[in-house]
Amino acid sequence: MTEGPDIRPPDLRVDGPLTGDELNLLFHAAWPGHRDTDFGPVLARSLLRVTARSAGRLVGYVNVVGDGGVHAFLLDTTVHPDERRRGLGVALVRAAAEAARRRGAHWLHVDFEPHLTAFHERCGFRSTAAGLMPLDRPLG
């Protein structure tokens, strides 16, 4: 009998080592049109981040920022295209939610486009009314 390759699920870590170069590689693979970004200021303001690695390579990431009180915000949930549709995104979000709870958050907020509703429901979110104001142009 021939055995298949040893396939292990990615290793999830809260606040594990992470570089901006790794994030740029992941974001280029996952987000068409991504431009190299200096992630230093983003990471410096994080309440926490969860990374997923497979054979040492960054294949998943989510960032959580906080308001200094009971509200936390989920940002930039990203899974490498080679790892999608295997539950990694849900695992990242749930690990982030649990870590945020342990750090004092009572509410985890997320904004998403309508086509991502089912994914966020699988993660445990429920839809609520919210407002959004674009700031990429002058107000008025």
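Up top you'll find the structure we're talking about.
Below: a short report on this structure. (Residues numbered from 1 in each chain as written. Predicted model: local features only at pLDDT ≥ 70, side-chain atom pairs only at ≥ 80, totals over all residues. Heavy atoms only, no water.)

**Digging into the nonpolar core**
Defined as follows: Definition used in this section: a nonpolar core is a set of buried Ala, Val, Leu, Ile, Met, Phe, Trp, Tyr and Cys residues joined via side-chain atoms within 4.5 Å. Exposure is judged per residue with a 1.4 Å probe applied to protein chains only, and the accessible area is read against the type maximum: over 50% gives exposed, under 20% gives buried, and values in between give partly exposed. Under the scheme used here, helices are H or I runs from DSSP no shorter than 4 residues and strands are E runs no shorter than 2 residues, and both carry numbers assigned from the N terminus.
If you look at the biggest cluster of nonpolar residues, it comprises 21 residues, and the most contacted ones within it are Leu48, Val64, Leu74, Leu92 and Ala96. The greatest single-element share of this core, amounting to seven residues, is contributed by helix H3 (residues 88-102). Formed by eight residues, the second largest nonpolar core is a distinct cluster that contains Leu23, Leu26, Phe39 and Leu43.

**Examining the pattern of salt bridges**
Put simply, the rule is: Salt bridge criterion: a side-chain nitrogen from Lys or Arg within 4 Å of a carboxyl oxygen from Asp or Glu.
Taken as a whole and assessed by the stated rule, the structure comprises seven salt bridges. A salt bridge links glutamate 98 to arginine 101; the shortest N-O distance between them is 2.4 Å. A residue pair is termed a helical-turn pair when its members lie 3 or 4 positions apart in one helix, as glutamate 98 and arginine 101 do in helix H3 at three residues. The partly exposed category is assigned to glutamate 98, whose relative accessible area is 32%. Residue aspartate 136 pairs with arginine 137 through a salt bridge whose shortest N-O separation is 3.1 Å. Taken together, the salt bridges that share partners define one network made up of Glu98, Arg101 and Arg102.

**Observations concerning unusual backbone geometry**
Positive phi outside glycine occurs at aspartate 15, with the angle close to 60°. Mapped onto the fold, aspartate 15 is located in the loop between strand S1 (11-14) and helix H1 (20-30). Of note, alanine 55 is a non-glycine position whose phi angle comes to about 50°, a positive value. With respect to the helices and strands, alanine 55 occurs in the loop between strand S2 (48-54) and strand S3 (57-66).

**Examining the environment of glutamate 83**
Cut-off, in case you're wondering: By definition in these notes, contact holds between two residues if any of their heavy atoms fall within 4.5 Å.
Examined against the element boundaries, glutamate 83 turns out to sit in the loop between strand S4 (71-79) and H3. Along the backbone, glutamate 83 and serine 54 are 29 residues apart, and their C-alpha atoms lie at a distance of 9.4 Å. Sequence-distant contacts of glutamate 83, that is, excluding residues within four places in its chain, are made with Pro10, Ser54, Arg57, Val59 and Leu88.

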